[in-house]
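Architecture at a glance
The residues making up each chain are set out below.
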Amino acid sequence: MNAAQLVQLVALAAIWGSSFMFMRIAVPQLGPSWLLEIRLVAASLILLLISRALRRPLNVRKHWRHYLTLGALNTTLPFWAFAYAAQTLPASMLAILNSTAPLWGFLIGFLWRGKPITLRAVAGLVLGMAGVASLVGLGGLAVQPDALWAVVLTASAAICYGIASSYAEYAEKVETYANAHGSLWAATLLVLPFMPFAPVPEVWPPGAVAAALVLGVLCTGVAYLLYFHLIATVGAPSALTVGYLIPLWGVLWGWLFLDEAVGLHTLLGAGLVLSGTMLVTNFRPSTLVRALRRPRES
């Protein structure tokens, strides 16, 4: 990983970390369903335009079942859960809870696929759950029914990501860009039948609509492209380290632009969750440090 690629990695983390801030801005005015559909349509159209320019086919007839499954598990359900939870939880907490996805992915892999479990992974799961408990307990959410329900929804979103990862590992092999593009259109179509039942906003404030569009175009469409570019240039293991940076940016954006307080429970919860994730995924910071130094040493 050279300096330019490191900048791209940090930029991707900053973009994805900002998505929780844009949700908090848009959802009070638009509601979860309309925020979700605007986000999906904007992201899908951006990837459609790019796929036309790059001549990247979807092969819908061959892979439509795969796109629907991945779109439901990896996009529709988690995006809606985050949008609903954003009505109650601060952006910083959404970002931290989102980072528990690898913990759930490991547990699902063990229960569903019978993958071996190690003491290191068990310790990681315990640390991660302790982090969630500290966010809920020390943050005072345990005595707020709406907030506790929002935490459950956010955890469910992370669980959906874990299920989607386990599914994708054994599903038919589809080119990564087509996976992103096809699953986004599938998610858009899956949400459409429910839109007539969603409350229509009385007003459409420009700021909220702009936040929803940025969420779709930048935080979903452009971010997917940047992520897949990093996978192609530095490899999947290095690209996946973005997950350890997203909570930091999520907390920073919430503090800077939404005046969210960063208390002891936020720092403790984030530290425990990230430590647990590192243990479960067998990630060592020294690996990234060596990757950054290698170009200068060669």
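Residues numbered from 1 in each chain as written. Predicted model: local features only at pLDDT ≥ 70, side-chain atom pairs only at ≥ 80, totals over all residues. Heavy atoms only, no water.

**Quick look at the UniProt feature "domain: EamA" (unreviewed entry) in the protein chain**
Here the UniProt-annotated "domain: EamA" (unreviewed entry) positions come out as residues 9–135 and 149–281. The straight-line gap between the two end C-alpha atoms of residues 9–135 is 27 Å; of that span, 86% is helix and 0% is strand. (UniProt positions renumbered as here; feature names shortened; annotations may be inferred. Helix = DSSP H or I, 4+ residues; strand = E, 2+ residues; numbered from the N terminus.)

**So, the pattern of salt bridges**
Taken as a whole and judged by the stated rule, the model has one salt bridge. Ionic pairing is found between E175 and R56, a salt bridge with its closest N-O pair at 3.0 Å. Note that E175 is positioned in the loop between α7 (145–170) and α8 (176–191) and R56 in the loop between α2 (32–54) and α3 (60–85), a separation of 119 residues in sequence. The partly exposed category is assigned to E175, whose relative accessible area is 39%. (Salt bridge = Lys/Arg side-chain N within 4 Å of Asp/Glu carboxyl O. Buried < 20%, exposed > 50% of the residue type's maximum accessible area, 1.4 Å probe, protein only.)

**Some details on the packing of helix α5 (residues 101–113) against α7**
Axis separation between α5 and α7 bottoms out at 8 Å; the angle between their running directions is 55°. By the criterion of interaxial angle, the relationship of α5 to α7 is oblique. Of the two possible hands of crossing, α5 and α7 adopt the one that is right-handed. Of the residues in α7, those touching α5 at A101, W104, G105, I108, G109, W112 and R113 are A155, A158, I159, Y161, G162, I163, S166, Y167 and Y170. (Axes fitted to C-alpha atoms, helices over the stretch in contact; angles between N-to-C directions. Parallel < 35°, antiparallel > 145°, perpendicular 65-115°, else oblique. Left-handed = near helix turned anticlockwise from the far one by under 90°. Contact = heavy atoms within 4.5 Å.)

**Observations concerning the side chain of R39**
Within the fold, R39 resides in helix α2. In this structure, R39 is buried with no salt-bridge partner, the nearest side chain bearing the opposite charge being E37 at 11 Å. Engagement of the side chain of R39 in a polar contact is seen with the side chain of T220, the distance being 2.9 Å. Leaving out residues up to four positions away in the same chain, R39 has contacts with M23, F79, A212, L215, G216 and T220. (Lys, Arg positive; Asp, Glu negative; His and termini not counted. Polar contact = N/O pair within 3.5 Å; in protein donor to acceptor, adjacent residues only side chain to side chain.)

**Remarks on unusual backbone geometry**
Of note, the phi angle at N59 is positive, near 55°, even though the residue is not glycine. Structurally, N59 can be placed in the loop between α2 and α3. Its identity as a non-glycine residue notwithstanding, D259 has a phi of 55°, on the positive side. Within the secondary structure layout, D259 lies in the loop between α11 (242–257) and α12 (264–281).

**Details of the packing of aromatic side chains**
Considering all chains together, one arrives at seven aromatic pairs under this definition. Ring geometry for W34 against W204: centres 5.5 Å apart, planes inclined by 85°, an arrangement best described as edge-to-face. Here W34, found in helix α2, pairs with W204, found in the loop between α8 and α9 (206–234); they are 170 residues apart in sequence, far enough to count as distant. Given the relative accessible area of 22%, W34 is considered partly exposed. Members of the aromatic cluster, connected to one another through ring pairs, are F20, F82 and Y161. Cation over ring: R39 sits above F79, and NZ or CZ is 3.7 Å from the ring centre. The cationic tip of R56 hangs over the ring face of Y177; the distance from NZ or CZ to the ring centre is 5.3 Å. (Phe/Tyr/Trp six-rings, centres within 6.5 Å; stacked < 30°, edge-to-face > 60°. Lys NZ or Arg CZ within 6 Å of the ring centre and 35° of its normal.)

**Considering the nonpolar core**
Core analysis: the biggest nonpolar cluster contains 71 residues, and L12, W16, F20, L35, L89, Y224 and V242 have the highest contact counts within it. In contact with V242, not counting residues within four places along its chain, are L9, L12, A13, W16 and Y227. (Core = buried A, V, L, I, M, F, W, Y, C linked by side-chain atoms within 4.5 Å.)

**A few points about α12**
The end-to-end C-alpha distance of α12, which contains 18 residues, comes to 26 Å, matching closely the 26 Å that a straight helix rising 1.5 Å per residue would cover. Against the buried residues of α12 lie α4 (91–98), α5, α6 (119–138) and α11. Looking one or two residues beyond α12, the residue adopting positive phi is N282, at roughly 60°. (Expected span 1.5 Å × (residues − 1).)

**With respect to α9**
Compared with an ideal rise of 1.5 Å per residue, which puts 29 residues at 42 Å, α9 spans 39 Å between its outermost C-alpha atoms and is within 8% of the ideal. Considering bend angle alone, the principal kink of α9 is centred on A223 and spans about 35°. Two residues or fewer past α9, G235 is found with a positive phi of approximately 95°. (Bend = angle between axes of the 7 residues up to and from the residue.)

**Observations concerning the packing of helix α1 (residues 3–30) against α4**
α4 packs onto α1 with a crossing angle of 135° between their chain directions and a minimal axis gap of 8 Å. By the angle class used here, α1 and α4 are oblique. Here α1 and α4 pass one another in a crossing that is right-handed. Facing α1, whose interface residues are F20, M21 and R24, α4 presents A91, L94, A95 and N98.

**Structural notes on the environment of A198**
Of note, A198 is situated in the loop between α8 and α9. The buried category is assigned to A198, whose relative accessible area is 8%. Not counting the four nearest positions on each side in its chain, A198 is found in contact with S33 and W34.

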